[in-house]
Each structure stands twice: as C-alpha cells, then as structure tokens.
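Descriptive structure summary
Below are the chains, spelled out letter by letter.
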Amino acid sequence: MITREKAHALLIEKLPNQNLVRHCLAVEATMRALAKYFNEDQELWGIAGLLHDMDWEATRNNITLHTRKTHEWLKKIGEDHPDLVRGILSHNYK
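**Notes on a nonpolar patch on the surface**
Nonpolar side chains collect at one region of the surface, where Leu-34, Tyr-37 and Phe-38 lie side by side and expose about 350 Å² of accessible area between them. With respect to the element layout, Leu-34 can be found in helix 2 (residues 18–37).

**Overview of the side chain of Asp-55**
Position of Asp-55 among the secondary structure elements: in the loop between helix 3 (42–51) and helix 4 (56–59). Summary of buried charges: Asp-55 has no salt-bridge partner, and the nearest side chain of opposite charge, Lys-69, is 8.1 Å away.

**Looking at the pattern of salt bridges**
All told, the structure shown has 7 salt bridges when counted by the stated rule. In this structure, Arg-4 engages Glu-28 in a salt bridge whose closest nitrogen and oxygen atoms are separated by 2.9 Å. A residue pair is termed long-range when its members are at least 10 positions apart, and Arg-4 in helix 1 (residues 4–14) and Glu-28 in helix 2 qualify at 24 residues. By relative accessible area, which is 24% here, Arg-4 ends up partly exposed. We classify Glu-28 as buried; its relative accessible area is 6%. Arg-86 is paired through a salt bridge with Asp-83; the nearest N and O atoms lie 2.3 Å apart. In this pair, Arg-86 and Asp-83 are both assigned in helix 6 (residues 82–89), 3 residues apart and thus about one turn of the helix distant. Judged by relative accessible area, which is 36%, Asp-83 ranks as partly exposed.

Definitions and limits used
- Residues numbered from 1 in each chain as written.
- Predicted model: local features only at pLDDT ≥ 70, side-chain atom pairs only at ≥ 80, totals over all residues.
- Heavy atoms only, no water.
- Patch = residues over 30% accessible without salt bridge, like charges linked within 9 Å, V, L, I, M, F, W, Y side chains within 5 Å.
- Areas by Shrake-Rupley, 256 points an atom, 1.4 Å probe, with all protein chains shown as cover.
- Salt bridge = Lys/Arg side-chain N within 4 Å of Asp/Glu carboxyl O.
- Helix = DSSP H or I, 4+ residues; strand = E, 2+ residues; numbered from the N terminus.
- Buried < 20%, exposed > 50% of the residue type's maximum accessible area, 1.4 Å probe, protein only.
- Lys, Arg positive; Asp, Glu negative; His and termini not counted.

Here you go:
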C-alpha cells in the first residue's frame, strides 16, 4: 500500500487548492480516529481519507468522474490495494 508520505506528496501535486488540502488532512485525522475506535487499520483508513478528494479540482465540472480520476492516478503509480481503492471510490455515490 502507498505510504502516507507518498500519498501526501501526490495530494499536493494533484490538488493545488490549499483549503482543499487542509480539508483532506482533517478527514485523514478523522478517519484515523474512527479506525482506532472501530479497531480497524488506521493507516489504510487515514490514507483513504487523505486522498478522498484528491481529484476534486480535476473533476468538479463532471461529478460522475470524482474519485475515478484518483483511482486512475493511483493505478499509474502502481497502487492497487483493493480496500484503499474501494474506500476512495465509495466516496462518490455516482
């Protein structure tokens, strides 16, 4: 699975809006706390939270593509952890 450091670097590269980056960092922290509470994988949940809106600026004009672009970017770097991908894709109900 992608490291937190690589995920953060990718987020910064793909999401130039600093307010959205701060939002993603807040969601990461929330997801880590929830994972701890539910006895789940904190790293996995945290990275899913960190990357959940990474493609927002690239897809905001076509909401059906939201999270799919992130999945595409992750595939390009060889990231295919099924739980991570499913967690990110589930953010977009479309």
